[in-house]
Amino acid sequence: MPVTDRSAARRSANVSSSQPDPKPANNNITLADVRVFAAPPPAPATARYLYWGDGNSLRRMRTDGSPAETVVGYPTVGSEIIQGVAVDSVNGHVYFASRPNALAGNGYIRRVNLDGSGLLTIYTDDTAAWPMQLTLDSVNNQLYFADYGAAGDDSIKRMNLDGSGATAVISNITRPTALAVNSLRGEIYWSDSSGQLLRADLNGANPQAITSGVYAFELTVDAYADLLYFRTKTDAS
């Protein structure tokens, strides 16, 4: 588009590195403060989908609002309740966590191809039966999840995408209700049943509360805008 305000064009051309930034904090940035972020991946050429758990079914629909369809459901996953979904579009997989409908027995984390084929159970734990709240660290190829045990003894774990190497990074928390990872900042975020919203390094170090009284659910990170979105307990949607 041609520039119609030539004075504006001249003013922008006169800006130099010696001029102070209108935001004072930016005038003291050193090379150690500069972080280079990778560009967002391009939109796929194929159709894009939203995936979610609906009772004992993994469902999906196109982002254009086309009718929803079942990817995996009963009787393939039995009478389980899906309570966590994470999509790995780079490797073509969907991960989902499920708990027993009768609230007794083991929970599982399973992996399936985007089209529903290749179902594989990659994780189960007899000592903490209900893995939930999945989130994907696509930069480091790891999956984080909340592992429900006895009350007050829940944890956040991470493992490799094939289910190996599961280890606790945050322990002794109570009923985490949401989980998200910001790979660029190297941080993990979660909310618990007391209404706190917290964060820590990806290895669990430096935990700290961000705010309280929010009862956050379904956390989502916009890593490039450095924003965190969530649904609260009182939201109807």
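Residues numbered from 1 in each chain as written. Predicted model: local features only at pLDDT ≥ 70, side-chain atom pairs only at ≥ 80, totals over all residues. Heavy atoms only, no water.

**What to know about the overall build of the chain**
Selection rule: Only DSSP runs of H or I covering at least 4 residues are called helices, and only runs of E covering at least 2 are called strands; the numbering of each starts at the N terminus. We call a residue buried when its accessible area falls under 20% of the maximum for its residue type, exposed when it is over 50%, and partly exposed in between, using a 1.4 Å probe and counting protein chains only. Only heavy atoms enter the contact rule, under which two residues are in contact if any of them lie within 4.5 Å. What sets the accessible areas is the Shrake-Rupley method with a 1.4 Å probe; for residues, cover comes only from the shown protein chains.
When you go through the chain residue by residue, the secondary structure sums to 1 helix and 17 strands. Here the chain holds 237 residues, and 35% of them are scored as buried. Of all intrachain contacts in the chain linking residues separated by at least 6 positions in sequence, the fraction that spans at least 24 positions is 32%. Total accessible area on the chain is roughly 13,700 Å²; 50% of this is exposed by carbon and sulfur atoms.

**Brief notes about the sheet that holds strand 4 (residues 80-88)**
How we decide: In short, DSSP must find at least two bridges between two strands for them to pair. Fitting a line to C-alpha atoms yields each axis, with helices limited to the stretch in contact; the angle taken between N-to-C directions then spans 0 to 180 degrees.
Spatially, 4 strands are ordered 4-5-6-7 in an open sheet, and the strand pairing comes out antiparallel. Each end of this open sheet is capped by a strand with a single partner; those strands are strand 4 and strand 7 (120-124). Strand after strand, the sheet turns through a mean of 25 degrees between neighbouring axes, direction not considered. Judged from the 6 bridges that link them, strand 5 (residues 93-100) and strand 6 (residues 108-113) form a sheet pairing that is antiparallel. Pairing of serine 98 across the sheet is with tyrosine 108, part of strand 6.

**Thoughts on the confidence of the model for the chain**
Which entries qualify depends on this criterion: Here pLDDT means the predictor's own confidence in every residue, given as a number from 0 to 100.
Here the chain averages 80 in pLDDT, while 75% of its residues score no lower than 70. Note that pLDDT drops below 50 for residues 1-19; the model gives that stretch 3 contacts with residues more than four away or on any other chain.

**Remarks on the side chain of arginine 111**
The line we're drawing: Pairing of N or O atoms within 3.5 Å defines a polar contact, subject to two protein rules: one partner must be a possible hydrogen donor and the other a possible acceptor, and residues neighboring in sequence count only if both atoms are side-chain atoms.
Its place among the elements puts arginine 111 in strand 6. Among the polar contacts listed, one links the side chain of arginine 111 to the backbone oxygen of leucine 161, at a separation of 3.4 Å.

**Some words on the pattern of salt bridges**
Let me state the cut-off plainly: Any carboxyl oxygen of Asp or Glu within 4 Å of a side-chain nitrogen of Lys or Arg constitutes a salt bridge here.
Counted by the stated rule, this structure contains 7 salt bridges. With a closest N to O distance of 2.7 Å, glutamate 80 and arginine 110 form a salt bridge. Of this pair, glutamate 80 sits in strand 4 while arginine 110 sits in strand 6, placing them 30 residues apart in sequence. Classification of glutamate 80 by relative accessible area gives buried; the value is 12%. Here arginine 110 falls in the buried class, since its relative accessible area comes to 9%.

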